[in-house]
Amino acid sequence: MRKAFRSSHYSGLITGVVLMAVLHLIGTLGYMYIGRPNATWIDSFYMTFITVATIGYGEIVDLNGHPWGRLFTVFIAILGIGNMSYLFSSSVALLLESDLNAALRKKRMQKEIATLRGHYIICGVGRVGSNVANELIKTKREFVVIENSAEMLEQWMAQHPATMHLHSDAAEDEALKYAGVDHAAGVFAVTGDDSHNLMIALSVKLLNPKARVVVRLHDIRNANKAKRAGADEIVSPDFTGGMRIASAMLRPHVVSFMDQMLHSDEGLRMEEVLLPHGAPASTVGELVPRSRDYVLVATHEHGHWVFNPADDHVIKGGTALVLMTTPGGRAHLEHVVNKVTA
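Residues numbered from 1 in each chain as written. Predicted model: local features only at pLDDT ≥ 70, side-chain atom pairs only at ≥ 80, totals over all residues. Heavy atoms only, no water.

Observations concerning the overall build of the protein
Broken down by element type, the protein carries 13 helices and 12 strands. Taken over the C-alpha trace, the protein has a radius of gyration of 32 Å; the compact-globule value for 342 residues is 20 Å, which it surpasses by more than 25%. In terms of overall dimensions, the protein has C-alpha extents of about 105 × 45 × 45 Å along its principal axes. By residue count, 40% of the 342 residues in the protein fall in the buried class. Intrachain contacts of the protein at a sequence separation of at least 6 include 59% that bridge at least 24 residues. Once the 32 positive and 33 negative side-chain charges of the protein are each reduced to a mean point, those two points are 2 Å apart. (Helix = DSSP H or I, 4+ residues; strand = E, 2+ residues; numbered from the N terminus. Rg over C-alpha atoms; globule rule 2.2 N^0.38 Å. Buried < 20%, exposed > 50% of the residue type's maximum accessible area, 1.4 Å probe, protein only. Contact = heavy atoms within 4.5 Å. Lys, Arg positive; Asp, Glu negative; His and termini not counted. Charge placed at Lys NZ, Arg CZ, Asp CG, Glu CD.)

Observations regarding the pairing of strand S3 (residues 164–167)
Going residue by residue along S3, you find Met-164 and Leu-166 tucked away on one face and His-165 and His-167 left uncovered on the opposite face. Of the strand pairs in this sheet, strand S2 (residues 143–147) and S3 are connected by 4 bridges, and their pairing is parallel. For Val-144, the partnering residue across the bridge sits in S3 and is Met-164. For the handedness criterion, the β-α-β arrangement of S2, helix H6 (residues 150–159) and S3 is classed as right-handed. (Pairing = 2+ DSSP bridges. Right-handed = clockwise from strand over helix to strand, strands pointing away.)

Quick look at the layout of surface pockets
Regions of empty space are outlined by a rolling probe, equal in size to a water molecule, passed over the atoms. As a volume, the largest pocket reaches approximately 2400 Å³. As for the largest pocket, its lining consists of 47 residues, of which Glu-135, Leu-136, Phe-188, Val-214 and Met-270 are closest to the centre. Secondary structure elements with two or more residues in the lining of the largest pocket: helix H5 (127–138), strand S4 (186–189), strand S5 (212–216), strand S6 (233–235), helix H10 (237–250), helix H11 (252–263), strand S7 (269–274) and helix H13 (327–341). Here the lining of the largest pocket is composed, by residue class, of 23 nonpolar, 9 polar and 15 charged. (1 Å grid on protein atoms, 1.4 Å probe; cavity = no way out; pocket = protein on both sides within 12 Å on 5 of 7 lines; lining within 4 Å. Points joined across faces, edges and corners; volume = space filled by probe spheres on them. Nonpolar A, V, L, I, M, F, W, Y, C, P; charged D, E, K, R; others polar.)

Topic: the sheet that holds S7
Pairing between sheet strands relies on hydrogen bonds along the backbone, with the strands arranged either parallel or antiparallel. Strand order in the open sheet formed by 4 strands is S7-S12-S9-S10, and the pairing between neighbours is antiparallel. Each edge of the open sheet carries a strand with a single partner, namely S7 and strand S10 (304–307). Between one strand and the next, the sheet's axes are offset by a mean angle of 25 degrees, whatever the strand orientation. In this sheet, strand S12 (residues 320–325) lies alongside strand S9 (residues 294–301) in antiparallel orientation, the contact comprising 6 bridges. (Axes fitted to C-alpha atoms, helices over the stretch in contact; angles between N-to-C directions.)

Here we look at the nonpolar core
Side chains that are nonpolar tend, in soluble globular proteins, to be buried together. Ranked by size, the top nonpolar core spans 32 residues in total, and within it Ile-121, Cys-123, Ile-146, Val-187, Ile-200, Val-204 and Val-215 carry the most contacts. If you tally residues by element for this core, the top one is helix H8 (residues 194–207), at 4 residues. Once residues within four sequence positions are removed from consideration, Val-204 is found in contact with Leu-176, Val-181, Val-187, Pro-209, Ala-211 and Val-213. Grouped together as the second largest cluster of nonpolar side chains are 15 residues, Met-47, Ile-50, Val-61 and Ile-76 included. (Core = buried A, V, L, I, M, F, W, Y, C linked by side-chain atoms within 4.5 Å.)

Rendered as structure tokens:
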């Protein structure tokens, strides 16, 4: 219903009704003037109505000897027929718009999802899920939202109408397949129910074992269960929030820097670029040339961290490059790495 009220056809329907009322007012006043002193306002209104409605019962207001009155009737009839046609078309369009547009949008969105590769799936778009989605938007990553609550989904779509989404239970295999889990890079199980998130993690791993799954847990005692269910990473908002509060007290400048980075218009982030497995050995200077678009902070090589690696440091396939960069800088470096290692 809210979509209907936001529709341009609804605005057109209101405009048509207002114009019809104005037309009847003009017609009533005109016929009262033309038929004076015998024409009453009821006769004049009725004369206007049958003219606009093309009923044609006859001249209720005597127009004999009033050629301008008959021209006025022609004027009212033309405007009335046009306005009636406009009202009819707006009404039909309004009735068909919601169902027809929904079907077309769903079909088009299904085709878009089918072409996605390396995207992310957000299961639950409540308080936590909406923040996850906003981060993916800022860092220019494609994602699909699965939300079981119509109210939550409507709130999100009101602000982000272009989001690819599905109103369904994320723990169902069909919903995950529809969202493209077979080709997804990762899944965020961030609903408000721990048990539901565990079911989502299990379902994802059964459908696509390669997909990375991050699970939100309120009760950290469920961490072992989540790991056995297939979660690659577990995040407790309570634990993370407590660490954030402690950091704000103990290392305020670091926290201020991170906050500034997260809120910058450039989308500056700590990002990672993974070298493909089997890529030939290369030095940092060859593979990651110095640039204003990014700063190489560290590499993660076979379980070990190397911070601020030198240009002659050798890196191999499977190494993760950790950088401070913008989404554009990350995309540029990914292109360079794929080109060199191809």
